Each structure stands twice: as C-alpha cells, then as structure tokens.
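Descriptive analysis of the structure
This is what each chain is made of:
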Amino acid sequence: NKDLHQFFFSHLTWSKDEDQKRKTGLYIKTLELLPAQEKAMKIFSRWGILKLVNLLGVAKKIAQENAERHNTSAAIGVIHASGDTRLDFLLTGTILQRLWLTATKEGLSLQPLTGTLFFRQRITKESNTIFSDKEKKTVEAAHEVIRSSFGIKTGEITMLFRIGYADPPTAHSGRQEPFIMTL
C-alpha cells in the first residue's frame, strides 16, 4: 500500500544524528535488523523499487519470516474489551502499561503487535480509507484468525502483544521531552 509505505518511511530515521535531531519517529537500529535486512530497507524506501520486487514475492517472504518469529515467542497475548470506546482504549493503555512494567521487572520483554488491529480500526471506523477491497479482505481475514485463536466471539481486541525473554535492545529512538499541560 503506497500510503502506508510513505507513512512508515517518513517516520524512519537512518542515523543516530538524524534521530537525535528529530526526536520523533523510529530509528532504524531499533528494528534489530540483520545488516542485509537494513540495506534492503534502504532500497525498499523507494516505492517503485518495492513495488517491482513485490512482483517476486518479497512482501510474502517478509510476512512468512515474521510469522516464524512470532511462532517462536514464549507467549502471545491480547487485551480484550467489551467495546471500542475511548474509555475502552484508555483502560487498555492502563492495563498494558501495568503489564509491561511488571514484565520488565521480571526480566521479560514485551512487543506490541498492533498492525492488524489498527488497520481494522481504520477500516471499520472510516468510510473512506486508504485500503483497497483486496487489502480490506486481507486485514479482516487476519483479524478473524486472531479472534478465533483466542476464542473471542464478542467485543474488541484492543491490544495484541508477544512476551518472553530477549536480549536487551541494541539501540533506542530519541525522545522528546514530555509536555505536561497545567490547568
């Protein structure tokens, strides 16, 4: 999807200096890619090249590698809410924060896996989305796999994550100073 491609790569920073200057986005080293994968990302940052190599099945290969990595996770979990209101998502954030802090205290790593959930939210909440009909069907099918894997029949999956032991990260993205609003 060209719009998602543009959005992702507009937020990626390629060097520590760039990351420290912008203090927003995602530093390439935080993806923990192998050197060849990092070089491929640089090449794939050009939409025309990525579209061309996708004719050879690159996107499916990457998806397969991600699935294999997720299958080796110690656990995959969800946070499930009765609905999809702002309060449901606020409570999800509270639960996730508590879970993540507890996992970290116990020496575990947690990684949100939100793509499918966020894409589905966009599809169900907006009449004019960036997704084609084929992409919508793919997202819905992936979402149904998640629902059925966890036996969820009603309500909303508000967070999906994997958790387990992992090596410490080798890099961190820059951070903006928090903005605290006073009333």
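Preceding this section is the structure that the text describes.
Our subject in this report is the structure included herewith.

What counts, and where the lines are drawn
Residues numbered from 1 in each chain as written. Predicted model: local features only at pLDDT ≥ 70, side-chain atom pairs only at ≥ 80, totals over all residues. Heavy atoms only, no water. Helix = DSSP H or I, 4+ residues; strand = E, 2+ residues; numbered from the N terminus. Polar contact = N/O pair within 3.5 Å; in protein donor to acceptor, adjacent residues only side chain to side chain. Contact = heavy atoms within 4.5 Å. Core = buried A, V, L, I, M, F, W, Y, C linked by side-chain atoms within 4.5 Å. Buried < 20%, exposed > 50% of the residue type's maximum accessible area, 1.4 Å probe, protein only. Pairing = 2+ DSSP bridges. Axes fitted to C-alpha atoms, helices over the stretch in contact; angles between N-to-C directions.

1. Considerations on the side chain of arginine 120
- Within the secondary structure, arginine 120 sits in helix 7 (residues 115-125).
- Within the structure, arginine 120 has its side chain in polar contact with the side chain of glutamate 156 (distance 3.2 Å).

2. Side note on unusual backbone geometry
- One non-glycine residue with positive phi stands out, namely lysine 23, at about 55°.
- Positionally, lysine 23 belongs in the loop between helix 2 (16-22) and strand 2 (26-27).
- With a phi angle near 55°, glutamate 32 is a residue other than glycine that sits in the positive phi range.
- Inspection of the secondary structure assignment puts glutamate 32 in the loop between strand 2 and helix 3 (35-44).

3. Description of the environment of isoleucine 123
- Mapped onto the fold, isoleucine 123 is located in helix 7.
- When the C-alpha positions of isoleucine 123 and threonine 85 are compared, they lie 16 Å apart, and in sequence the two are 38 residues distant.
- Excluding anything up to four places from it in sequence, isoleucine 123 contacts Thr129, Phe131, Lys136, Val139 and Glu140.

4. Overview of the nonpolar core
- One finds Phe9, Leu12, Tyr27, Ile28, Met41, Phe44, Leu50, Val53 and Ala171 forming the largest nonpolar core, which totals nine residues.
- Contributing elements (two or more residues each) for this core: helix 3 and helix 4 (47-54).
- The contacts of leucine 50, once residues within four sequence positions are left out, are His5 and Phe44.
- Leu96, Leu110, Phe161 and Ile163 belong to the second largest nonpolar core, which has seven residues in total.

5. Examining the sheet that holds strand 4 (residues 109-112)
- Spatially, three strands are ordered 3-5-4 in an open sheet, and the strand pairing comes out antiparallel. Each of the sheet's edge strands pairs with one partner strand only, and the pair in question is strand 3 (75-81) and strand 4. Taking the axes of each pair of neighbouring strands and ignoring which way they run, one obtains an average angle of 30° across the sheet.
- When strand 3 meets strand 5 (residues 156-164), the two strands line up antiparallel, connected through seven bridges. By the bridge assignment for strand 5, isoleucine 79 is matched with methionine 159.
- Sheet contacts for helix 8 (residues 133-149): strand 3 and strand 5; angle to strand 5, the most-contacted strand, approximately 75°.

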